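Structure assessment
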2 protein chains.
Amino acid sequence: MISKKTKYGLKALTFLAKQEKGQLVSIATIAKSENIPQKFLENILLGLRKAGFLGSKKGKGGGYYLLKKPEDIKVASVYRILEGPIAMVPCVSLNFYEKCGDCLDEKTCSVHKLMIQIRDSTLAIMENNTLDDFVI
Amino acid sequence: MISKKTKYGLKALTFLAKQEKGQLVSIATIAKSENIPQKFLENILLGLRKAGFLGSKKGKGGGYYLLKKPEDIKVASVYRILEGPIAMVPCVSLNFYEKCGDCLDEKTCSVHKLMIQIRDSTLAIMENNTLDDFVI
DNA sequence: TTATAATCCTACCAATTCAATAGACTTTAA
DNA sequence: TTAAAGTCTATTGAATTGGTAGGATTATAA
(Lines give C-alpha, C1' and ligand atoms only; values in the text may rest on other atoms or scores of the structure.)
Protein backbone atom coordinates (compact mmCIF):
# COMPACT_ATOMS: atom_id res chain seq x y z
CA MET A 1 0.00 0.00 0.00
CA ILE A 2 1.30 3.40 -0.93
CA SER A 3 1.02 6.35 1.40
CA LYS A 4 -1.46 9.15 1.03
CA LYS A 5 1.49 11.37 0.35
CA THR A 6 2.37 9.44 -2.79
CA LYS A 7 -1.20 9.26 -3.96
CA TYR A 8 -1.78 12.96 -3.37
CA GLY A 9 1.51 13.78 -5.03
CA LEU A 10 0.66 11.84 -8.15
CA LYS A 11 -2.76 13.41 -8.37
CA ALA A 12 -1.33 16.88 -7.96
CA LEU A 13 1.28 16.28 -10.64
CA THR A 14 -1.39 15.00 -12.96
CA PHE A 15 -3.46 18.08 -12.30
CA LEU A 16 -0.50 20.24 -13.24
CA ALA A 17 0.14 18.12 -16.32
CA LYS A 18 -3.35 18.92 -17.50
CA GLN A 19 -2.70 22.66 -17.53
CA GLU A 20 -1.46 24.56 -20.49
CA LYS A 21 2.30 24.66 -20.52
CA GLY A 22 3.80 26.89 -17.85
CA GLN A 23 0.43 27.75 -16.38
CA LEU A 24 0.72 28.56 -12.68
CA VAL A 25 -1.65 26.79 -10.31
CA SER A 26 -1.97 27.56 -6.63
CA ILE A 27 -1.85 24.94 -3.93
CA ALA A 28 -5.35 25.95 -2.90
CA THR A 29 -6.71 25.25 -6.35
CA ILE A 30 -5.17 21.80 -6.53
CA ALA A 31 -6.19 20.99 -2.97
CA LYS A 32 -9.81 21.87 -3.64
CA SER A 33 -9.98 20.14 -6.99
CA GLU A 34 -8.40 16.92 -5.82
CA ASN A 35 -9.80 16.81 -2.30
CA ILE A 36 -6.44 16.99 -0.61
CA PRO A 37 -5.81 18.72 2.75
CA GLN A 38 -4.15 21.93 1.72
CA LYS A 39 -1.44 22.08 4.35
CA PHE A 40 -0.47 18.52 3.67
CA LEU A 41 -0.30 19.19 -0.04
CA GLU A 42 1.87 22.20 0.66
CA ASN A 43 4.56 19.95 2.12
CA ILE A 44 4.28 17.46 -0.69
CA LEU A 45 4.67 20.04 -3.43
CA LEU A 46 7.58 21.58 -1.58
CA GLY A 47 9.31 18.23 -1.72
CA LEU A 48 8.55 17.79 -5.39
CA ARG A 49 9.98 21.20 -6.11
CA LYS A 50 13.17 20.43 -4.20
CA ALA A 51 13.41 17.18 -6.13
CA GLY A 52 13.37 19.12 -9.37
CA PHE A 53 9.94 18.27 -10.71
CA LEU A 54 8.23 21.56 -10.05
CA GLY A 55 8.94 25.22 -10.38
CA SER A 56 7.14 27.82 -8.32
CA LYS A 57 6.43 31.46 -8.13
CA LYS A 58 5.80 33.18 -4.84
CA GLY A 59 3.50 36.02 -4.07
CA LYS A 60 0.14 37.03 -5.34
CA GLY A 61 -0.81 35.20 -8.49
CA GLY A 62 1.93 32.68 -7.85
CA GLY A 63 1.75 28.92 -7.88
CA TYR A 64 3.37 25.76 -9.15
CA TYR A 65 4.13 24.45 -12.61
CA LEU A 66 5.84 21.45 -14.14
CA LEU A 67 9.47 21.96 -15.06
CA LYS A 68 9.40 19.26 -17.70
CA LYS A 69 6.95 18.00 -20.24
CA PRO A 70 4.49 15.46 -18.80
CA GLU A 71 5.73 12.81 -21.23
CA ASP A 72 9.23 13.23 -19.83
CA ILE A 73 8.23 12.60 -16.22
CA LYS A 74 8.24 8.90 -15.46
CA VAL A 75 6.11 7.48 -12.69
CA ALA A 76 9.15 5.59 -11.43
CA SER A 77 11.12 8.73 -10.69
CA VAL A 78 8.20 10.42 -8.98
CA TYR A 79 7.47 7.32 -6.94
CA ARG A 80 11.03 7.13 -5.69
CA ILE A 81 10.88 10.68 -4.41
CA LEU A 82 7.47 10.39 -2.81
CA GLU A 83 7.41 6.84 -1.53
CA GLY A 84 10.96 5.59 -1.69
CA PRO A 85 12.08 2.21 -3.03
CA ILE A 86 9.98 0.46 -5.65
CA ALA A 87 11.29 -2.92 -4.54
CA MET A 88 9.50 -4.78 -1.78
CA VAL A 89 12.72 -5.66 -0.02
CA PRO A 90 15.79 -3.43 0.37
CA CYS A 91 18.14 -6.13 -0.87
CA VAL A 92 16.64 -6.08 -4.37
CA SER A 93 16.32 -2.32 -4.64
CA LEU A 94 18.27 -0.73 -7.45
CA ASN A 95 18.26 2.79 -6.07
CA PHE A 96 18.01 2.17 -2.34
CA TYR A 97 19.96 -1.04 -1.91
CA GLU A 98 20.51 -2.28 1.63
CA LYS A 99 21.55 -5.64 2.94
CA CYS A 100 18.85 -7.51 4.83
CA GLY A 101 19.82 -8.00 8.44
CA ASP A 102 18.63 -11.58 8.59
CA CYS A 103 20.04 -12.90 5.33
CA LEU A 104 23.56 -14.24 5.56
CA ASP A 105 23.66 -14.73 1.82
CA GLU A 106 21.31 -13.23 -0.72
CA LYS A 107 21.93 -16.06 -3.13
CA THR A 108 20.45 -18.60 -0.76
CA CYS A 109 17.56 -16.41 0.39
CA SER A 110 14.37 -18.09 -0.70
CA VAL A 111 12.30 -14.99 -1.26
CA HIS A 112 15.00 -13.11 -3.12
CA LYS A 113 14.14 -14.36 -6.59
CA LEU A 114 10.44 -13.68 -6.18
CA MET A 115 11.13 -10.16 -5.03
CA ILE A 116 13.25 -9.52 -8.09
CA GLN A 117 10.43 -10.71 -10.33
CA ILE A 118 7.95 -8.39 -8.67
CA ARG A 119 10.37 -5.50 -8.74
CA ASP A 120 11.01 -5.97 -12.44
CA SER A 121 7.38 -6.15 -13.43
CA THR A 122 6.46 -3.14 -11.32
CA LEU A 123 9.46 -1.25 -12.59
CA ALA A 124 8.52 -1.97 -16.19
CA ILE A 125 5.15 -0.36 -15.65
CA MET A 126 6.49 2.62 -13.76
CA GLU A 127 9.27 3.25 -16.26
CA ASN A 128 6.92 3.07 -19.20
CA ASN A 129 4.24 5.31 -17.79
CA THR A 130 4.63 9.04 -17.64
CA LEU A 131 2.40 11.80 -16.36
CA ASP A 132 1.15 12.14 -19.88
CA ASP A 133 -0.45 8.72 -19.67
CA PHE A 134 -2.54 9.94 -16.77
CA VAL A 135 -3.90 12.98 -18.51
CA ILE A 136 -5.77 11.13 -21.21
CA MET B 1 8.26 -2.41 1.11
CA ILE B 2 6.97 -5.47 2.87
CA SER B 3 7.16 -5.85 6.62
CA LYS B 4 9.63 -8.06 8.42
CA LYS B 5 6.69 -10.13 9.47
CA THR B 6 5.89 -11.04 5.88
CA LYS B 7 9.48 -11.71 5.00
CA TYR B 8 10.03 -13.87 8.07
CA GLY B 9 6.78 -15.67 7.44
CA LEU B 10 7.70 -16.52 3.87
CA LYS B 11 11.12 -17.74 4.91
CA ALA B 12 9.67 -19.89 7.64
CA LEU B 13 7.12 -21.42 5.29
CA THR B 14 9.85 -22.14 2.79
CA PHE B 15 11.88 -23.80 5.49
CA LEU B 16 8.93 -26.02 6.32
CA ALA B 17 8.37 -26.74 2.64
CA LYS B 18 11.88 -28.11 2.45
CA GLN B 19 11.20 -30.75 5.06
CA GLU B 20 10.01 -34.22 4.31
CA LYS B 21 6.25 -34.34 4.29
CA GLY B 22 4.70 -34.02 7.72
CA GLN B 23 8.02 -33.53 9.45
CA LEU B 24 7.67 -31.47 12.61
CA VAL B 25 9.99 -28.51 13.06
CA SER B 26 10.24 -26.43 16.19
CA ILE B 27 10.06 -22.67 16.23
CA ALA B 28 13.53 -22.58 17.72
CA THR B 29 14.98 -24.54 14.83
CA ILE B 30 13.46 -22.26 12.22
CA ALA B 31 14.40 -19.16 14.15
CA LYS B 32 18.03 -20.19 14.39
CA SER B 33 18.29 -21.38 10.80
CA GLU B 34 16.70 -18.29 9.32
CA ASN B 35 18.02 -15.70 11.72
CA ILE B 36 14.62 -14.67 12.96
CA PRO B 37 13.92 -13.51 16.53
CA GLN B 38 12.25 -16.52 18.07
CA LYS B 39 9.49 -14.76 19.97
CA PHE B 40 8.56 -12.77 16.92
CA LEU B 41 8.46 -15.86 14.79
CA GLU B 42 6.26 -17.50 17.42
CA ASN B 43 3.54 -14.95 16.79
CA ILE B 44 3.89 -15.18 13.05
CA LEU B 45 3.54 -18.95 12.96
CA LEU B 46 0.59 -18.76 15.28
CA GLY B 47 -1.11 -16.51 12.79
CA LEU B 48 -0.29 -18.80 9.90
CA ARG B 49 -1.72 -21.72 11.81
CA LYS B 50 -4.94 -19.85 12.53
CA ALA B 51 -5.12 -18.95 8.86
CA GLY B 52 -5.02 -22.63 7.96
CA PHE B 53 -1.56 -22.95 6.49
CA LEU B 54 0.12 -24.77 9.32
CA GLY B 55 -0.58 -27.60 11.69
CA SER B 56 1.15 -27.92 15.01
CA LYS B 57 1.84 -30.35 17.75
CA LYS B 58 2.38 -29.21 21.31
CA GLY B 59 4.67 -30.68 23.90
CA LYS B 60 8.08 -32.22 23.74
CA GLY B 61 9.07 -33.16 20.24
CA GLY B 62 6.34 -30.95 18.87
CA GLY B 63 6.54 -28.34 16.19
CA TYR B 64 4.95 -27.02 13.04
CA TYR B 65 4.26 -28.57 9.67
CA LEU B 66 2.60 -27.59 6.41
CA LEU B 67 -1.01 -28.63 6.07
CA LYS B 68 -0.88 -28.62 2.30
CA LYS B 69 1.64 -29.54 -0.33
CA PRO B 70 4.07 -26.70 -1.08
CA GLU B 71 2.91 -26.58 -4.69
CA ASP B 72 -0.62 -25.90 -3.48
CA ILE B 73 0.31 -22.89 -1.39
CA LYS B 74 0.31 -19.75 -3.50
CA VAL B 75 2.38 -16.76 -2.52
CA ALA B 76 -0.67 -14.57 -3.06
CA SER B 77 -2.69 -16.26 -0.34
CA VAL B 78 0.19 -16.19 2.12
CA TYR B 79 0.89 -12.57 1.36
CA ARG B 80 -2.69 -11.56 2.02
CA ILE B 81 -2.58 -13.13 5.46
CA LEU B 82 0.79 -11.76 6.44
CA GLU B 83 0.85 -8.37 4.79
CA GLY B 84 -2.69 -7.62 3.71
CA PRO B 85 -3.75 -6.24 0.34
CA ILE B 86 -1.59 -6.86 -2.70
CA ALA B 87 -2.88 -3.72 -4.37
CA MET B 88 -1.14 -0.43 -3.74
CA VAL B 89 -4.39 1.42 -3.21
CA PRO B 90 -7.48 0.12 -1.41
CA CYS B 91 -9.78 1.10 -4.26
CA VAL B 92 -8.20 -1.43 -6.62
CA SER B 93 -7.92 -4.25 -4.11
CA LEU B 94 -9.84 -7.38 -5.00
CA ASN B 95 -9.87 -8.85 -1.51
CA PHE B 96 -9.69 -5.74 0.67
CA TYR B 97 -11.61 -3.20 -1.37
CA GLU B 98 -12.24 0.19 0.18
CA LYS B 99 -13.28 3.46 -1.31
CA CYS B 100 -10.61 6.14 -1.29
CA GLY B 101 -11.64 9.09 0.84
CA ASP B 102 -10.40 11.69 -1.57
CA CYS B 103 -11.75 10.28 -4.83
CA LEU B 104 -15.25 11.34 -5.69
CA ASP B 105 -15.26 9.02 -8.66
CA GLU B 106 -12.88 6.18 -9.31
CA LYS B 107 -13.41 6.41 -13.04
CA THR B 108 -11.96 9.88 -13.16
CA CYS B 109 -9.12 9.20 -10.73
CA SER B 110 -5.89 9.63 -12.61
CA VAL B 111 -3.86 7.07 -10.74
CA HIS B 112 -6.53 4.40 -10.75
CA LYS B 113 -5.59 2.82 -14.06
CA LEU B 114 -1.90 2.65 -13.19
CA MET B 115 -2.65 1.01 -9.88
CA ILE B 116 -4.70 -1.64 -11.62
CA GLN B 117 -1.84 -2.38 -13.98
CA ILE B 118 0.59 -2.81 -11.11
CA ARG B 119 -1.85 -4.88 -9.14
CA ASP B 120 -2.42 -7.22 -12.08
CA SER B 121 1.23 -7.77 -12.82
CA THR B 122 2.09 -8.37 -9.16
CA LEU B 123 -0.90 -10.61 -8.77
CA ALA B 124 0.11 -12.67 -11.77
CA ILE B 125 3.46 -13.39 -10.19
CA MET B 126 2.06 -14.12 -6.77
CA GLU B 127 -0.67 -16.38 -8.12
CA ASN B 128 1.75 -18.33 -10.25
CA ASN B 129 4.38 -18.85 -7.61
CA THR B 130 3.95 -21.38 -4.85
CA LEU B 131 6.15 -22.37 -1.95
CA ASP B 132 7.48 -25.10 -4.15
CA ASP B 133 9.09 -22.53 -6.41
CA PHE B 134 11.11 -21.30 -3.47
CA VAL B 135 12.49 -24.66 -2.50
CA ILE B 136 14.43 -25.26 -5.68
C1' DT C 1 2.63 52.23 0.37
C1' DT C 2 -0.12 48.95 1.89
C1' DA C 3 -3.20 45.11 1.76
C1' DT C 4 -3.40 40.73 0.15
C1' DA C 5 -2.34 36.47 -1.73
C1' DA C 6 0.72 33.33 -2.46
C1' DT C 7 4.87 30.11 -1.40
C1' DC C 8 8.46 28.74 2.18
C1' DC C 9 9.91 26.66 6.25
C1' DT C 10 10.22 24.53 10.64
C1' DA C 11 8.24 22.48 14.11
C1' DC C 12 4.85 19.94 16.28
C1' DC C 13 1.26 16.46 17.23
C1' DA C 14 -1.89 12.33 17.70
C1' DA C 15 -2.69 7.96 16.13
C1' DT C 16 -1.16 3.96 14.23
C1' DT C 17 1.94 0.43 12.92
C1' DC C 18 6.12 -2.20 13.44
C1' DA C 19 9.26 -5.18 15.53
C1' DA C 20 9.96 -7.25 19.10
C1' DT C 21 9.73 -8.92 24.11
C1' DA C 22 7.61 -10.77 28.48
C1' DG C 23 5.49 -13.96 31.01
C1' DA C 24 2.31 -17.12 32.29
C1' DC C 25 -0.36 -21.19 30.38
C1' DT C 26 -1.04 -25.89 28.44
C1' DT C 27 0.33 -30.06 26.39
C1' DT C 28 3.29 -33.94 25.54
C1' DA C 29 7.09 -37.26 25.68
C1' DA C 30 10.51 -39.52 28.04
C1' DT D 1 7.84 -35.45 37.19
C1' DT D 2 10.43 -32.65 34.50
C1' DA D 3 11.91 -30.61 30.41
C1' DA D 4 10.55 -29.16 25.99
C1' DA D 5 7.50 -27.68 23.11
C1' DG D 6 3.41 -24.61 21.34
C1' DT D 7 -0.49 -21.00 23.07
C1' DC D 8 -2.04 -16.72 24.31
C1' DT D 9 -2.35 -11.97 25.74
C1' DA D 10 -0.25 -7.94 26.90
C1' DT D 11 3.22 -4.52 26.70
C1' DT D 12 6.70 -1.59 24.94
C1' DG D 13 9.72 1.55 22.41
C1' DA D 14 10.63 3.41 18.05
C1' DA D 15 9.31 4.83 13.76
C1' DT D 16 5.99 6.24 10.40
C1' DT D 17 1.83 8.41 8.88
C1' DG D 18 -1.19 11.96 8.12
C1' DG D 19 -1.77 15.70 9.18
C1' DT D 20 -1.75 20.88 11.62
C1' DA D 21 0.15 25.49 13.32
C1' DG D 22 2.18 29.53 12.74
C1' DG D 23 4.98 32.52 11.10
C1' DA D 24 8.51 34.35 7.40
C1' DT D 25 9.08 35.72 2.94
C1' DT D 26 7.93 37.42 -1.53
C1' DA D 27 5.25 39.38 -5.27
C1' DT D 28 1.30 41.80 -7.12
C1' DA D 29 -2.02 45.24 -7.56
C1' DA D 30 -4.88 48.87 -5.76
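Below, the structure is looked at part by part.

**Some details on the overall build of chain A**
When you go through chain A residue by residue, the secondary structure sums to 6 helices and 2 strands. Mapped in sequence order, the helices and strands of chain A form the string α-α-α-β-β-α-α-α. If you take every contact in chain A between residues at least 6 apart in sequence, the share linking residues at least 24 apart comes to 57%. If you sum the accessible surface of chain A, you get close to 7,000 Å²; carbon and sulfur atoms cover 51% of it. Looking at chain A, you have 21 positive and 14 negative side-chain charges, and the mean spots of the two groups are 8 Å apart.

**Overview of the protein's contact with DNA strand D**
Around DNA strand D, a shell composed of 29 residues is seen, among which Lys39 and Lys57 of chain A together with Ile27, Ser56 and Tyr64 of chain B lie nearest. Counting only the atoms of DNA strand D that lie within 4 Å of the protein, the sugar and phosphate share comes to 66%. A distance of 3.1 Å separates a phosphate oxygen of DNA strand D from a polar atom in the backbone of Lys4 of chain A. Contact distances for DNA strand D include 3.5 Å between a base nitrogen and a backbone N or O atom of Lys60 of chain B. Mapped by element, the contributors of at least two residues to the surface near DNA strand D are α1 (4-18) and α3 (38-50) of chain A together with α3 (38-50), β1 (54-57) and β2 (63-66) of chain B. Ranked by residues supplied to the surface near DNA strand D, first place goes to α3 of chain B with 6 residues. Of the residues that constitute the surface near DNA strand D, the class distribution is 7 nonpolar, 9 polar and 13 charged.

**Structural notes on the pattern of salt bridges**
Applying the stated criterion across every chain yields a total of 12 salt bridges over all chains. Salt bridges linked by common partners bring Lys7 and Lys11 of chain A together with Asp102 of chain B together as one network.

**Re the protein's contact with DNA strand C**
The full set close to DNA strand C counts 29 residues, and Ile27, Glu42, Ser56 and Tyr64 of chain A together with Lys39 of chain B are the nearest of them. Between Ile27 of chain A and DNA strand C, the recorded distance is 2.6 Å, taken from a backbone N or O atom to a phosphate oxygen. A distance of 2.6 Å separates a base nitrogen of DNA strand C from a polar atom in the side chain of Glu42 of chain A. Of all elements in the fold, only α3, β1 (54-57) and β2 (63-66) of chain A together with α1 (4-18) and α3 of chain B reach the threshold of two or more residues within the surface near DNA strand C. Here the surface near DNA strand C takes 6 residues from α3 of chain A, the largest share from any one element. In the surface near DNA strand C, the residues fall into 6 nonpolar, 9 polar and 14 charged.

**Description of the interface of chain B and chain A**
Each partner contributes to the interface: chain B provides 33 residues, whereas chain A provides 33 residues. Interface area lost by chain B to chain A is led by Met1, Met88 and Asp102 of chain B, which between them contribute 22%. Between Asp102 of chain A and Lys11 of chain B there is a salt bridge; the shortest N-O distance is 2.8 Å. Taken together, chain B and chain A are joined by 6 residue pairs in polar contact (both at pLDDT 80 or more). Mapped onto the side of chain B that touches chain A, the elements with two or more residues apiece are α1, α4 (75-82) and α5 (112-128) of chain B.

**Looking at the relation of the copies chain B and chain A**
By a simple turn and slide, chain B fits onto chain A: the slide is 0.0 Å along the axis, the RMSD is 0.0 Å, and the turn is 180°. Taken together, the rotation and translation describe the operation of a two-fold axis. Considering only C-alpha atoms, the part of chain B nearest the rotation axis is Ser121 of chain B, at 3.2 Å. Comparing interface residues between copies, 100% of those in chain B also lie at the interface in chain A; the contact surface is shared.

**Digging into the environment of Thr14 of chain A**
For Thr14 of chain A, the location among the structural elements is in helix α1. For the pair Thr14 of chain A and Asp120 of chain A, spaced 106 residues apart in sequence, the C-alpha separation works out to 24 Å. If near-sequence neighbours (up to four positions away) are discounted, Thr14 of chain A is found in contact with Phe134 and Val135 of chain A together with Ser110 of chain B.

Calculation criteria
Residues numbered from 1 in each chain as written. Chains lettered and ligands numbered in written order. Predicted model: local features only at pLDDT ≥ 70, side-chain atom pairs only at ≥ 80, totals over all residues. Heavy atoms only, no water. Helix = DSSP H or I, 4+ residues; strand = E, 2+ residues; numbered from the N terminus. Contact = heavy atoms within 4.5 Å. Areas by Shrake-Rupley, 256 points an atom, 1.4 Å probe, with all protein chains shown as cover. Lys, Arg positive; Asp, Glu negative; His and termini not counted. Charge placed at Lys NZ, Arg CZ, Asp CG, Glu CD. Near = heavy atom within 4 Å. Polar contact = N/O pair within 3.5 Å; in protein donor to acceptor, adjacent residues only side chain to side chain. Nonpolar A, V, L, I, M, F, W, Y, C, P; charged D, E, K, R; others polar. Salt bridge = Lys/Arg side-chain N within 4 Å of Asp/Glu carboxyl O. Buried area = accessible area lost by both parts, 1.4 Å probe. Least-squares fit on C-alpha atoms with pLDDT ≥ 70 in both.

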